[in-house]
Amino acid sequence: MEDLSDPIMPPFVSKAGGVPEWLDPINLPTGSCCLCDFCGEPLQFVLQDYLDNAESESSYHRAVYVFTCQSMACLLKHQQKQGDDHLEKTSLRSVKVFRCQLPRINPFYSSDGINKLPSSREVALCCWCGTWKGDKLCSGCKIIRYCSKVHQAMHWRSGHKGECNRLTNSDIPRKAPSNTLWPEYVLSFDSECKAEAEQSTDHGNVSLLEARDEFDGMVNSSMHNFEGHDNKSSWASFEARMAKDPNQVLRCPKGNGKPLWPRLSGRPTKSDIPGCHYCSGPLRFEFQIMPQLLYYFHVENEADSLDWATIAVWTCDASCGKANVVYKEEFAWVQLQ
């Protein structure tokens, strides 16, 4: 089991939960890219999928990151809006995807791709979430940084109010204190590119039996949410496929694979999948996040709890490096339970 808390470990890892291991630790997404387009709250890290590509000089290191709003109401709005996106100039999202890639020779890592260079720098992150760039400084202590007023207020209420005037630089917390971060897992892949979650040593061991029992309960309740014979039949087929690999949290088929859709209604058409925003080339299906991940995250099975049937991700087929944007936003399609 790999300890992801090691600060000198390069981010060459596929993982879920916790905080992202940014490939480029300087030029992070900023501004509205970090926020839910519906409620304006900072997005939460879901997972990252890392791929080393020794055959490509420009994308020797490549990682895709997925973030979501924690509000189910916003996820519902995302699902309702996504079918109309090709008719509108502005797309509103509560799930966002970013792709980052680096050449073999870069300012951050050794040419063998193993170690972080001693001279490499990192941008200061939000003290509360440990995810986004901390470009807002506490006006009191002038030490703690935040990505947003929302997270500053959360940290203030959780204890910073009592310690603000006593802090020194050595008191900056090593880990994000947010109690809303999801448990952290390393993703292990089998020969068919199915990812299973192995919990980080920071959070103890996970009981796969308990996760399976909870998942079975979710499956039974979800059948009642699907109206119509076709949707119920589609979900039954999807559930049968998941039952073969109950621990699978990420599906990334090789070649020209396609998503497995839980329901027939609400699937994207060809016109719903846009071209690359940066090079105008086609997108290709990269991977889909399975609903089992929610149970590894210990998300409660309540009426207003965050829930998805699947999140499918498309990225630039050419992994283009055009445009002066390090973290390029890609495309996600959400199907809910």
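Going by the structure above, here's the rest.
Definitions and cut-offs
Position numbers for residues count from 1 along each chain, tracking the sequence in the order it is written. With the structure being a predicted model, the display of local features is reserved for residues of pLDDT at least 70 and the display and counting of side-chain atom pairs for 80 or more, all residues being used for whole-chain, interface and lining totals. Side-chain descriptors were evaluated using all non-hydrogen atoms of the structure, hydrogens and water having been removed beforehand. Going along the chain from the N terminus, every DSSP run of H or I of four or more residues is numbered as a helix, and every run of E of two or more is numbered as a strand. Contacts were defined at the residue level, with two residues in contact if any of their heavy atoms lie within 4.5 Å. For accessible areas, the Shrake-Rupley method is used with a probe of radius 1.4 Å. Any residue's cover is judged against the shown protein chains and nothing else. The span one expects for a helix is its residue count, reduced by one, times 1.5 Å. Consider a residue and the seven residues that end there alongside the seven that start there; fitting an axis to each set, the bend is the angle between those axes. Residue burial is assigned from relative accessible area. The probe radius is 1.4 Å, only protein chains are included, and a residue is buried under 20% of its type maximum, exposed over 50%, and partly exposed in between. Working definition: rings of Phe, Tyr and Trp (its six-membered ring) pair if their centres are within 6.5 Å, and the pair is stacked with planes under 30 degrees apart, edge-to-face with planes over 60 apart, and tilted otherwise. To sit over a ring, a charge needs its Lys NZ or Arg CZ within 6 Å of the ring centre and within 35 degrees of the ring normal. Note: two strands are recorded as paired if DSSP finds a minimum of 2 bridges between them. Distance and chemistry together define a polar contact, namely a pair of N or O atoms within 3.5 Å, with one atom able to donate a hydrogen and the other to accept it when in protein, and with adjacent residues in sequence counting only for side-chain atoms on both sides. Our arc is simply the arc of the directions from the helix axis toward the C-beta atoms. The disulfide criterion used throughout: a pair of cysteine sulfur atoms within 2.5 Å. Here, nonpolar core means buried Ala, Val, Leu, Ile, Met, Phe, Trp, Tyr and Cys residues that are tied together by side-chain atoms lying within 4.5 Å of each other.

Caption draft 1: The overall build of the protein chain, seen in detail. Each helix and strand in the protein chain was counted, giving five helices and 12 strands. The long-range fraction of contacts in the protein chain, counting pairs at least 24 apart against all pairs at least 6 apart in sequence, stands at 70%. Carbon and sulfur atoms provide 48% of the accessible area of the protein chain, an area that totals close to 16300 Å².

Caption draft 2: Here's a closer look at helix α2 (residues 149-163). Taking 1.5 Å of rise per residue, 15 residues should cover 21 Å, yet α2 covers just 18 Å from first to last C-alpha, more than 12% shy of that figure. Roughly 70° is the biggest bend found in α2, and it falls at Arg-157. The complete set of buried residues in α2 reads His-151, His-155 and His-160. Contact partners of the buried residues in α2: β6 (145-146).

Caption draft 3: View of the packing of aromatic side chains. Throughout the structure, instances matching the rule amount to 18 aromatic pairs. Taken together, the ring pairs in this structure connect Trp-22, Phe-45, Tyr-65, Phe-67, Phe-98, Trp-132 and Tyr-327 into an aromatic cluster. The lysine or arginine in question, Lys-328, covers the ring of Tyr-278, its NZ or CZ lying 5.8 Å from the ring centre.

Caption draft 4: Fine view of the pairing of strand β10 (residues 283-289). Burial analysis of β10 places six of its seven residues in the buried class, which makes it a mostly covered element. Across two bridges, strand β9 (residues 248-251) lies against β10 in antiparallel orientation. Looking across to β10, one finds that Arg-251 is bridged to Gln-288. When β10 meets strand β11 (residues 310-316), the two strands line up antiparallel, connected through six bridges. Each residue of the ladder has a partner; that of Ile-289, found in β11, is Ile-311.

Caption draft 5: Structural view of unusual backbone geometry. A positive phi angle, close to 70°, is found at Ser-280, a residue other than glycine. Inspection of the secondary structure assignment puts Ser-280 in the loop between β9 and β10.

Caption draft 6: Expanded view of the environment of Arg-99. Position of Arg-99 relative to the elements: it lies in strand β4 (residues 95-102). In this structure Arg-99 comes out as buried when scored by relative accessible area, which is 1%. Between the C-alpha atoms of Arg-99 and Cys-320, which are 221 residues apart in sequence, the distance is 9.9 Å. Residues in contact with Arg-99, not counting those within four places in the same chain, are Arg-62, Ala-63, Val-64, Cys-316, Ser-319, Cys-320, Val-326, Tyr-327, Lys-328 and Glu-330. Side-chain polar atoms of Arg-99 contact the side chain of Glu-330, separated by 2.6 Å.

Caption draft 7: View of helix α1 (residues 72-82). Buried within α1 we find Met-72, Cys-74, Leu-75, His-78 and Gln-82. All buried residues of α1 lie within an arc of 160° about the axis, which places them on one face of the element. The inward-facing, buried residues of α1 contact β3 (61-68), β4 and β12 (328-335). The N-terminus of α1 is capped by Ser-71, whose side-chain oxygen sits 3.3 Å from the backbone nitrogen of Ala-73.

Caption draft 8: Inspection of the pairing of β12 at higher detail. Taken across its eight residues, β12 has seven buried, putting it largely inside the fold. When β4 meets β12, the two strands line up antiparallel, connected through three bridges. Looking at β12, one finds that Val-97 is bridged to Glu-330. The pairing of β11 with β12 spans five bridges and is antiparallel. Within β12, the position partnered with Ile-311 by the bridge is Val-334.

Caption draft 9: Summary view of the state of the cysteines. Counted under the stated rule, the structure contains zero disulfides. Cys-138 takes part in no disulfide bond, and the closest cysteine sulfur, belonging to Cys-164, lies 3.7 Å away.

Caption draft 10: Fine view of the nonpolar core. Counting residues in hydrophobic clusters, the biggest one holds 34 residues, and the most contacted among them are Leu-23, Tyr-65, Phe-67, Trp-132 and Ile-144. Once residues within four sequence positions are removed from consideration, Trp-132 is found in contact with Trp-22, Pro-29, Cys-34, Pro-42, Leu-43, Phe-67, Phe-98, Leu-125, Cys-126 and Cys-147. One finds Val-64, Tyr-185, Leu-187 and Ile-289 within the second-largest nonpolar core, a separate group that totals 30 residues.

In short, the description is geometric, and any link to function would need to be established separately.
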